[in-house]
Amino acid sequence: MDKILFMAEDGEQVEFYVLEQTRIGGLDYILVTDTEEDDGEALILKDISNSDDAEALYEIVEDDKEIEAVAAVFGNMLEDVDLS
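Residues numbered from 1 in each chain as written. Predicted model: local features only at pLDDT ≥ 70, side-chain atom pairs only at ≥ 80, totals over all residues. Heavy atoms only, no water.

**Q** I would appreciate a short explanation of the side chain of Thr-33 in the present structure.
**A** One can find Thr-33 in strand E3 (residues 27-33). The buried category is assigned to Thr-33, whose relative accessible area is 5%. Residues within four places of Thr-33 in sequence aside, it is in contact with Met-1, Phe-16, Tyr-17, Leu-19, Gly-40, Glu-41 and Ala-42. (Helix = DSSP H or I, 4+ residues; strand = E, 2+ residues; numbered from the N terminus. Buried < 20%, exposed > 50% of the residue type's maximum accessible area, 1.4 Å probe, protein only. Contact = heavy atoms within 4.5 Å.)

Dropping the structure here:
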């Protein structure tokens, strides 16, 4: 599992482990967790950066319909992971 480092808005560095990534409707999404162990908290992040940005800019997906749609895709990709 790949580990990536994020810089939070308050300047704090946060590590996440990438479970999967996908592209839907021209947008990139990643499914991340806060631990390599079972039962970690999972988040769906959306890349909101421009194509010419040097670094990716991600935000947590909070819209319920968007979460359901993207979670369904990730659920199909990761059959052994419960995203509920």
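**Q** Looking at this structure, how should I read the pattern of salt bridges?
**A** Once the charged atoms of two side chains with opposite charge are near each other, the side chains can pair. Tallied over the full model, the rule gives four salt bridges. Between Asp-28 and Arg-23 there is a salt bridge whose closest N-O contact spans 2.8 Å. The exposure class of Asp-28 is partly exposed, given its relative accessible area of 29%. Under the relative-accessibility criterion, Arg-23 is labelled exposed at 54%. Across the pair Lys-46 and Glu-66 runs a salt bridge, and its minimum N-O distance is 3.1 Å. Of this pair, Lys-46 sits in strand E4 (residues 42-47) while Glu-66 sits in helix H1 (residues 64-77); the two residues are 20 residues apart in sequence, bridging distant segments of the chain. Take Lys-46 and Glu-66: they sit in the same class, and that class is buried. Several salt bridges share partner residues, and in doing so they unite Lys-46, Glu-59 and Glu-66 into one network. (Salt bridge = Lys/Arg side-chain N within 4 Å of Asp/Glu carboxyl O.)

**Q** What exactly am I supposed to notice about a negative patch on the surface here?
**A** On the surface, Glu-36, Glu-37, Asp-38 and Asp-39 cluster together into a patch of negative charge. Asp-38 gets classed as exposed once you look at its relative accessible area, which sits at 71%. (Patch = residues over 30% accessible without salt bridge, like charges linked within 9 Å, V, L, I, M, F, W, Y side chains within 5 Å. Areas by Shrake-Rupley, 256 points an atom, 1.4 Å probe, with all protein chains shown as cover. Lys, Arg positive; Asp, Glu negative; His and termini not counted. Charge placed at Lys NZ, Arg CZ, Asp CG, Glu CD.)

**Q** Explain H1 here, please?
**A** Since the α-helix advances by 3.6 residues per turn, residues separated by three or four positions end up pointing in the same direction. Helix length check: H1 (14 residues) gives 20 Å between terminal C-alpha atoms against 20 Å at 1.5 Å per residue, within 8%. Every buried residue of H1 is listed here: Glu-66, Val-70, Ala-71 and Phe-74. Down the axis of H1, the smallest arc covering the buried residues is 120°, so these residues share one side. Residues of H1 that are exposed and point over 90 degrees away from its buried face: Asp-64, Lys-65, Glu-68 and Asn-76. Contacts made by the buried residues of H1 are with strand E2 (13-24), E3 and E4. (Expected span 1.5 Å × (residues − 1). Arc of directions from axis to C-beta.)

**Q** Explanation requested: the environment of Glu-15 in the structure shown.
**A** Of note, Glu-15 is situated in strand E2. Sequence spacing of Glu-15 and Leu-5 is 10 residues, and the spatial spacing of their C-alpha atoms is 4.6 Å. Beyond its immediate chain neighbours, meaning those up to four positions away, Glu-15 contacts Lys-3, Ile-4 and Leu-5.

**Q** Help me out: how do you make sense of the side chain of Glu-66 in this one?
**A** Using a relative accessible area of 18% as the deciding quantity, one classes Glu-66 as buried. Within the local environment of Glu-66, its side chain forms a polar contact with the side chain of Tyr-29, the two groups lying 2.6 Å apart. Side chain to side chain, Glu-66 and Lys-46 meet in a polar contact 3.1 Å long. The contact partners of Glu-66, leaving out residues within four places of it in the chain, are Tyr-29, Lys-46 and Val-61. (Polar contact = N/O pair within 3.5 Å; in protein donor to acceptor, adjacent residues only side chain to side chain.)

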